[in-house]
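Tertiary structure, described
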Amino acid sequence: MKDFLLITQIVTALVVIFLVTIQTKGTGLGRSFGQSGSISFKRRGIEKLIFKSTFLFSGLFLLASILRILI
């Protein structure tokens, strides 16, 4: 069980690192690909998915860490 939780921690940590690094601070994902003309403060489409996925995988990492300590 501890091996499974360790693997889960490693995978979720890598996913969280990837998701955080592809998020662009303040400008959004569109700015990274050259769409600098539009200014929007709402997350839409892929940005919203990345934002929610970051919280999901962070929660999974936290849960796996707590379970690994308790078991």
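All figures in this text were calculated on a predicted structure; none of them were measured in a lab.

1. Examining a nonpolar patch on the surface
Taken together, the side chains of Met1, Phe4, Leu56, Leu60, Leu62, Leu63, Ile66, Leu67, Ile69, Leu70 and Ile71 define a hydrophobic patch exposed on the protein surface, amounting to about 1200 Å² of accessible area. At eight residues, the largest contribution of residues to the nonpolar patch is made by helix H3 (residues 46-70). Here Leu67 is to be found in helix H3. Residue classification places Leu67 among the partly exposed positions, given a relative accessible area of 34%.

2. Notes on helix H1 (residues 2-22)
In this model, H1 (21 residues) spans 30 Å end to end at C-alpha, consistent with the 30 Å of a helix rising 1.5 Å per residue. All of the buried residues in H1 are Leu5, Gln9, Thr12, Val16 and Leu19. Take H1 and look down its axis: the buried residues cluster within an arc of 105°, on one side only. In H1, those exposed residues whose orientation departs by more than 90 degrees from the buried face are Asp3, Ile7, Leu14, Ile17, Phe18 and Thr21. Residues of H1 that are buried make contact with H3.

Cut-offs used in this document
Residues numbered from 1 in each chain as written. Predicted model: local features only at pLDDT ≥ 70, side-chain atom pairs only at ≥ 80, totals over all residues. Heavy atoms only, no water. Patch = residues over 30% accessible without salt bridge, like charges linked within 9 Å, V, L, I, M, F, W, Y side chains within 5 Å. Areas by Shrake-Rupley, 256 points an atom, 1.4 Å probe, with all protein chains shown as cover. Salt bridge = Lys/Arg side-chain N within 4 Å of Asp/Glu carboxyl O. Helix = DSSP H or I, 4+ residues; strand = E, 2+ residues; numbered from the N terminus. Buried < 20%, exposed > 50% of the residue type's maximum accessible area, 1.4 Å probe, protein only. Expected span 1.5 Å × (residues − 1). Arc of directions from axis to C-beta. Contact = heavy atoms within 4.5 Å.

Bear in mind that shape data such as this cannot, by itself, settle questions of function.
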